[in-house]
Amino acid sequence: MQQDPSPMPRGELAVRTLAMPADTNPAGDIFGGWIMSLMDVAGGITAVARVGGRVATVAATDMAFLKPVKVGDVVCCYCDPARTGRTSLTLHVEVWVLRQGQGERIKVTSADITYVALDGQGRPRPIG
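As the structure is a computational prediction, the values presented were derived from the model and not from experiment. (Residues numbered from 1 in each chain as written. Predicted model: local features only at pLDDT ≥ 70, side-chain atom pairs only at ≥ 80, totals over all residues. Heavy atoms only, no water.)

## Quick notes on the overall build of the protein chain
A tally of regular secondary structure across the protein chain gives one helix and five strands. On the principal axes, the C-alpha backbone points of the protein chain span a range of 40 × 30 × 25 Å. Sorting the 128 residues of the protein chain into buried and exposed places 38% on the buried side. Residue pairs at least 24 apart in sequence account for 70% of intrachain contacts in the protein chain once pairs closer than 6 positions are excluded. Put simply, the protein chain shows about 7,000 Å² of open surface, and 54% of that area lies on carbon and sulfur atoms. Across the protein chain, the 13 positively charged side chains and the 12 negatively charged ones have centroids separated by 5 Å. (Helix = DSSP H or I, 4+ residues; strand = E, 2+ residues; numbered from the N terminus. Buried < 20%, exposed > 50% of the residue type's maximum accessible area, 1.4 Å probe, protein only. Contact = heavy atoms within 4.5 Å. Areas by Shrake-Rupley, 256 points an atom, 1.4 Å probe, with all protein chains shown as cover. Lys, Arg positive; Asp, Glu negative; His and termini not counted. Charge placed at Lys NZ, Arg CZ, Asp CG, Glu CD.)

## Thoughts on unusual backbone geometry
Not every positive phi belongs to a glycine, and Asp 62 is a case in point at roughly 55 degrees. Following the sequence through the fold, Asp 62 ends up in strand 2 (residues 55–65). The phi angle at Gln 100 is positive, at roughly 55 degrees, despite the residue not being glycine. In this structure, Gln 100 sits in the loop between strand 4 (88–98) and strand 5 (106–117).

## Concerning the nonpolar core
Ile 35, Met 39, Val 69, Val 75, Cys 77, Leu 91 and Val 95 are the most contacted members of the largest nonpolar core, which has 24 residues in total. Listing elements by their share of this core, those giving two or more residues are helix 1 (32–51), strand 3 (74–84), strand 4 and strand 5. (Core = buried A, V, L, I, M, F, W, Y, C linked by side-chain atoms within 4.5 Å.)

## Here we look at the sheet that holds strand 4
Pairing in this open sheet of five strands is antiparallel, and the strands run 1-3-4-5-2 from one edge to the other. Among the strands making up the open sheet, the edge pair consists of strand 1 (12–18) and strand 2. Sheet twist, expressed as the average angle between the axes of neighbouring strands with direction ignored, equals 25 degrees. Taken together, the six bridges between strand 1 and strand 3 define a ladder with antiparallel strand orientation. Bridging from a neighbouring strand, Val 15 pairs with Cys 77 of strand 3. Each of strand 1, strand 2, strand 3, strand 4 and strand 5 is contacted by helix 1, which is oriented at about 50 degrees to strand 5, the strand it contacts most. (Pairing = 2+ DSSP bridges. Axes fitted to C-alpha atoms, helices over the stretch in contact; angles between N-to-C directions.)

## Observations concerning the environment of Gly 28
Inspection of the secondary structure puts Gly 28 in the loop between strand 1 and helix 1. A relative accessible area of 38% places Gly 28 in the partly exposed class. Spatially, the C-alpha atoms of Gly 28 and Thr 109 are 18 Å apart, while their sequence positions differ by 81 residues.

## What to know about the UniProt feature "domain: HotDog ACOT-type" (unreviewed entry) in the protein chain
Mapped onto this numbering, the UniProt entry annotates "domain: HotDog ACOT-type" (unreviewed entry) at residues 9–121. End C-alpha atoms of residues 9–121 are separated by 36 Å, and the span's content is 18% helix alongside 46% strand. (UniProt positions renumbered as here; feature names shortened; annotations may be inferred.)

## Notes on the environment of Arg 16
Its place among the elements puts Arg 16 in strand 1. Since its relative accessible area comes to 60%, Arg 16 is described here as exposed. In this view, Arg 16 contacts Val 74, Val 75 and Cys 76; residues no more than four positions away in its chain are not counted.

Following this line, the structure appears as structure tokens:
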């Protein structure tokens, strides 16, 4: 696994939560799907604020799980705009943890997630 040399998260904190036992996989680590869902929630919150309305997730790319997340870790999702198109916004989303809520932040995963801005009928609309 390749570790990102950046010692600090990119972007702004969008979501912070606690990893709980109900979110584990059979190995006892936090289930990757739970982390992916959390990343989409963080990105969605950020995208709605940036485009001024409803969005839908259309793609997630360059996902890389670097380290496991453990029960009791404080999970922090950071979002950084990567690209804005006519109707879409791509965010670079990073997940960092504080082991048992203490110590230095550790980057555990990242992805680029693209959202499309929607109008009242659920059709793509131009961004501002």
